[in-house]
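Understanding the architecture of this molecule
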Amino acid sequence: MKISHPLAIRCAALTMNWVLRAWRNSIDDRTEIADISSDPFLAASPNLYLLWHENIPYGATVCSGFRITALISSHRDGELMAQTLQFIGGRTIRGSTTRGGVAALRKLTRTSNESREGTPSRETKPAHVVITPDGPRGPRRIVQQGAIYLASRTALGIVPVGVHYEYAWRARSWDRMAIPRPFSRLYIHFGQRVILPDNLDRAGLNDWRPRIQQAMQTAQTAADTMPQRMIHAATARLVRPTSEQA
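Rules and cut-offs
For every chain, the first residue of the written sequence is number 1, and numbering continues from 1 along that sequence. With pLDDT at 70 or above as the cut-off, local features in this predicted model cover only qualifying residues; side-chain atom pairs require 80 or more to be listed or tallied, and sums for whole chains, interfaces and linings still use all residues. Think of the side-chain values as coming from all heavy atoms in the structure, minus any hydrogens and water. Elements are defined by DSSP. Helices are runs of H or I of four residues or more, strands are runs of E of two residues or more, and each kind is numbered from the N terminus. Each residue's exposure class comes from its accessible area (1.4 Å probe, protein chains only) as a fraction of the maximum for that residue type: buried when under 20%, exposed when over 50%, partly exposed otherwise. The accessible surface values rely on the Shrake-Rupley method and a 1.4 Å probe; as for residues, cover is taken only from the protein chains in view. Salt-bridge detection follows one rule: a side-chain nitrogen of Lys or Arg within 4 Å of a carboxyl oxygen of Asp or Glu. Strands are labelled as partners when DSSP assigns at least two bridges between them. With axes taken as lines fitted to C-alpha atoms, and helix axes fitted only over the stretch in contact, angles between N-to-C directions fall between 0 and 180 degrees. Any two rings among Phe, Tyr and Trp, with Trp reduced to its six-membered ring, count as a pair given centres within 6.5 Å; such a pair is stacked if its planes are under 30 degrees apart, edge-to-face if over 60, and tilted if neither. Contact between two residues is taken to exist if any of their heavy atoms lie within 4.5 Å; hydrogens are not considered. Any pair of nitrogen or oxygen atoms within 3.5 Å is treated as a polar contact; in protein, a donor-acceptor pairing is required on top of that, and neighbouring residues in sequence qualify only through side-chain atoms on both sides. Note on terminology: a nonpolar core comprises buried Ala, Val, Leu, Ile, Met, Phe, Trp, Tyr and Cys residues joined through side-chain atoms within 4.5 Å.

Points about the overall build of the protein
A tally of regular secondary structure across the protein gives six helices and nine strands. Counting all 246 residues of the protein, 44% fall into the buried class. About 13,200 Å² of surface is accessible on the protein, with carbon and sulfur atoms providing 55% of the total.

Thoughts on the pattern of salt bridges
Summed over all chains, the structure comprises seven salt bridges. With a shortest N-O distance of 2.9 Å, glutamate 54 and arginine 141 are connected by a salt bridge. Of this pair, glutamate 54 sits in the loop between β2 (47-50) and α2 (56-66) while arginine 141 sits in the loop between β5 (129-131) and α5 (145-154); the two residues are 87 residues apart in sequence, bridging distant segments of the chain. Among the residues examined, glutamate 54 registers a relative accessible area of 1% and is labelled buried. Residues aspartate 207 and arginine 211 are paired through a salt bridge, measuring 2.6 Å at the closest nitrogen-oxygen approach.

Looking at the sheet that holds strand β4 (residues 91-94)
Pairing within the open sheet is mixed, and its seven strands lie in the order β1-β9-β6-β2-β5-β3-β4. Single-partner strands in this sheet number two, and they are β1 (28-33) and β4. Going from strand to strand, the sheet's axes swing by 30 degrees on average, the running direction of each strand aside. Here strand β3 (residues 69-72) runs beside β4; their pairing, made up of four bridges, is parallel.

Digging into the packing of aromatic side chains
A complete count under the given rule lists one aromatic pair for this structure. Relative to phenylalanine 190, the ring of tyrosine 49 lies with its centre 5.6 Å away and its plane at 85 degrees, an arrangement referred to as edge-to-face. Of this pair, tyrosine 49 sits in strand β2 while phenylalanine 190 sits in strand β9 (residues 185-190), and the two are 141 residues apart along the sequence. For the pair tyrosine 49 and phenylalanine 190, one class covers both residues: buried.

Structural notes on the environment of serine 38
Summarising the element assignment, serine 38 is placed in the loop between β1 and β2. For serine 38, a relative accessible area of 0% translates into the label buried. Note: C-alpha distance between serine 38 and isoleucine 158 (120 residues apart in sequence) is 8.7 Å. With residues up to four places along the chain from it excluded, the contact list for serine 38 reads Ile33, Asn47, Tyr49, Val159, Phe190, Gly191, Gln192 and Arg193. Of note is the side chain of serine 38, whose polar atom sits 3.3 Å from the backbone nitrogen of arginine 193.

Considering the nonpolar core
Leu48, Leu50, Ile131, Ile148, Ile158, Leu196 and Ile212 are the most contacted members of the largest nonpolar core, which totals 21 residues. Counting residues per element, the ones that place at least two in this core are β2, β5, α5 and α6 (202-245). Formed by 17 residues, the second largest nonpolar core is a distinct cluster that contains Leu51, Tyr58, Ala70 and Ile188.

A short note on α5
Within α5, seven of the 10 residues are buried, leaving the element largely enclosed by the surrounding structure. Residues of α5 that are buried: Gly146, Ala147, Ile148, Leu150, Ala151, Ser152 and Thr154.

Description of the pairing of strand β6 (residues 157-165)
Counting buried positions along β6 yields eight of nine residues, so the element is predominantly enclosed. Bridge analysis of β2 against β6 gives four bridges, and the strand direction is parallel. Bridging across to β6, leucine 48 finds its partner in isoleucine 158. As judged from the five bridges shared by β6 and β9, these two strands associate in the antiparallel manner.

Quick look at the side chain of asparagine 47
Structurally, asparagine 47 can be placed in strand β2. Looking at asparagine 47, its side chain comes within polar contact range of the side chain of tyrosine 49, at 3.3 Å. Discounting residues that sit within four places of it in the chain, asparagine 47 has contacts with Ser37, Ser38, His128, Val129, Leu156, Gly157, Val159 and Arg193.

Written out as C-alpha cells, the structure reads:
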C-alpha cells in the first residue's frame, strides 16, 4: 500500500530515520577510492556518483556520511525517500532525467563552483550528486542513458560505485534490493572518474552507454574482491618483518 497523505509520509520518514540511524551505526564499512578525483571529500570538481538501485537503503546513509546530494524523482513516490534523507542529514534535489533534473543539477553545480575557493577540503566540498543508473524500473544492473545524458549536460564527472555485502537480506523485487544485516561488514569501491564530452547527441549517448556499463562492472568487481585483497594485504604486513629478519 502506497503512502500518500503528507502527514503519514512525514511520520513514516521520521520512523525510518530512527531505524536507519540505529542500523547504520551497527554496520562496519570499509571504503576504497581509486583516485583523488573520485574522492567525495577531496575531488576538485563535482561528480555524479552512480550506485545500483539495489543499494538504495545503504546509499541513503552514504549520502549523509559523505554529504552527497541525491537526485530523487519529483513524483509523489519519491517524497518518502526525500524526507527520510533530510531527517538523517542528507541533501536532496527533486527531478529526473526527463523532468527538471538537468536544470536542478546545473543550478547545484553552479552554486557550488561560485562558493568554493582555494584547495578542496572537508569544509569546502563540491556539489556531488548520486543517482541510480538502472532505476527506477530496471533492468537490474543495466545502465540507462539518463545518467549519461545528465553528466553530458552538466559537466559532472561520472564515478562508478561498487558495493559488496558480507551478509544481506535480499528483496524479491526486480533489483533484488539489499539490506545489510546488523553488525555485518560492507565494502564500497569508488572507481575511476570518467569525463564525458559535452552535449552528447543520441548517437553519442548510445556510444558511451556500454563504456559506463563496463565502468560500473569494474567497480562492482573491485568491491566484490575487496575482502580477499584486504586479507592478503594484512597477511603481507604480518609476514614481511619475519622475512626481512630471515
